Amino acid sequence: MFDWQDIDTVLLDMDGTLLDLAYDNHFWLEHIPTLYAHTQNLPIMEARDFIQTAMAAVAGKLDWYCIDYWSNLLEIDISHQTQMTSSQVALRPFVHEFLSYAKSLSKRLLLVTNAHHHVLSAKMSAIELRPYFDAVVTSHDYGSAKESERFWQQLQRHHPFNPQSTVLIDDNEEVLYAAERYGIAHTITLRQPDSKQVARLCTRYAAIHHFDELIHSAQ
Ligand SMILES: [Mg+2]
């Protein structure tokens, strides 16, 4: 997959990579549509359709990840709802072991997420991972989602890294594609970002099921 000797910087996504995407899928596909149906007095199917159409319109864009955008559109305080549900956030298996291992090899660790600041801090309040990281970056700081080239240019400017000796681990293959186009040499995806859905058999990028595979591969 990659040789640890070739790596000095590890870029890690948060949702669906370090954290189980089951929380986010439940939040956006069940919790928020149910609340929207209730507050707008709509049938649940109509509420779901409205939200899914609105999401499709901004897929891959920063607005898709922006809770201010959704708070305005849906007239729901998404930040508050995130805080209310953050106890349901769950870590994916072997994350602590992997992060400790990478630190023990003196690798530089950057958390790079499309999550909004409020979502990031609500999740890190539930499961604190920030002490592992040399820096925590949200794409909202740069005004461009990780799917865009501009994000990677901005990351390079603020946190210089050598693309040849960098690995990005991210469950979103559009993000991996953007990173690869930028020149990041090592890209890994996840087979099962959401523990409640079936694992993906076909992926465009090299895939792991759990992080223990990357610990073992280095020994
Ligand atoms: Mg993700």
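Residues numbered from 1 in each chain as written. Predicted model: local features only at pLDDT ≥ 70, side-chain atom pairs only at ≥ 80, totals over all residues.

Draft legend 1. Structural view of the environment of Ala207. Looking at where Ala207 falls in the secondary structure, it is placed in strand 6 (residues 206-208). Among residues more than four places away in sequence, those in contact with Ala207 are Ile188, Thr189, Leu190 and Arg191. (Helix = DSSP H or I, 4+ residues; strand = E, 2+ residues; numbered from the N terminus. Contact = placed C-beta atoms within 7 Å.)

Draft legend 2. Quick look at the sheet that holds strand 4 (residues 166-169). Read across the open sheet, the 6 strands follow the order 3-2-1-4-5-6; overall the sheet is parallel. The two strands at the open ends of the sheet, each matched to only one other strand, are strand 3 (135-138) and strand 6. For this sheet, the mean inter-axis angle between neighbouring strands, taken without regard to orientation, is 25°. The sheet contact formed by strand 1 (residues 9-12) and strand 2 (residues 108-113) spans 4 bridges and is parallel. The partner of Thr9 across the bridge, within strand 2, is Arg108. Helix-sheet contacts for helix 8 (residues 173-182) involve strand 4 and strand 5 (186-190), and the interaxial angle to strand 5 is about 180°. (Pairing = 2+ DSSP bridges. Axes fitted to C-alpha atoms, helices over the stretch in contact; angles between N-to-C directions.)

Draft legend 3. Quick look at the pairing of strand 4. With burial as the criterion, each face of strand 4 is covered, one bearing Thr166 and Leu168 and the other bearing Val167 and Ile169. In this structure, strand 1 lies alongside strand 4, joined through 4 bridges in parallel fashion. Looking across to strand 4, one finds that Thr9 is bridged to Thr166. As paired strands, strand 4 and strand 5 are joined by 3 bridges and run parallel to one another. Paired with Leu168 across the two strands is Thr187, which belongs to strand 5. (Buried ≥ 20, exposed ≤ 12 C-beta atoms within 10 Å, placed from the backbone.)

Draft legend 4. View of the domain arrangement of the protein. Under the domain assignment, the protein is made up of domain 1 (4-20 + 90-216) and domain 2 (23-87). Its C-alpha centre places domain 1 at a distance of 25 Å from the equivalent point of domain 2. Contacts between the two partners involve 21 residues from domain 1 and, on the opposite side, 14 residues from domain 2. Sort the elements by how many residues they give to the side of domain 1 that touches domain 2 and helix 6 (residues 117-126) lands first, with 6 residues. Taken together, the residues of the side of domain 1 that touches domain 2 sort by class into 7 nonpolar, 8 polar and 6 charged. (Domains from an automatic or database assignment. Nonpolar A, V, L, I, M, F, W, Y, C, P; charged D, E, K, R; others polar.)

Draft legend 5. Main features of the pairing of strand 3. Examined bridge by bridge, strand 2 and strand 3 share 4 bridges and lie parallel to one another. Pairing of Leu111 across the sheet is with Val136, part of strand 3. A crossover connection joins strand 2 to the parallel strand 3 through helix 6; in handedness this β-α-β unit is right-handed. (Right-handed = clockwise from strand over helix to strand, strands pointing away.)

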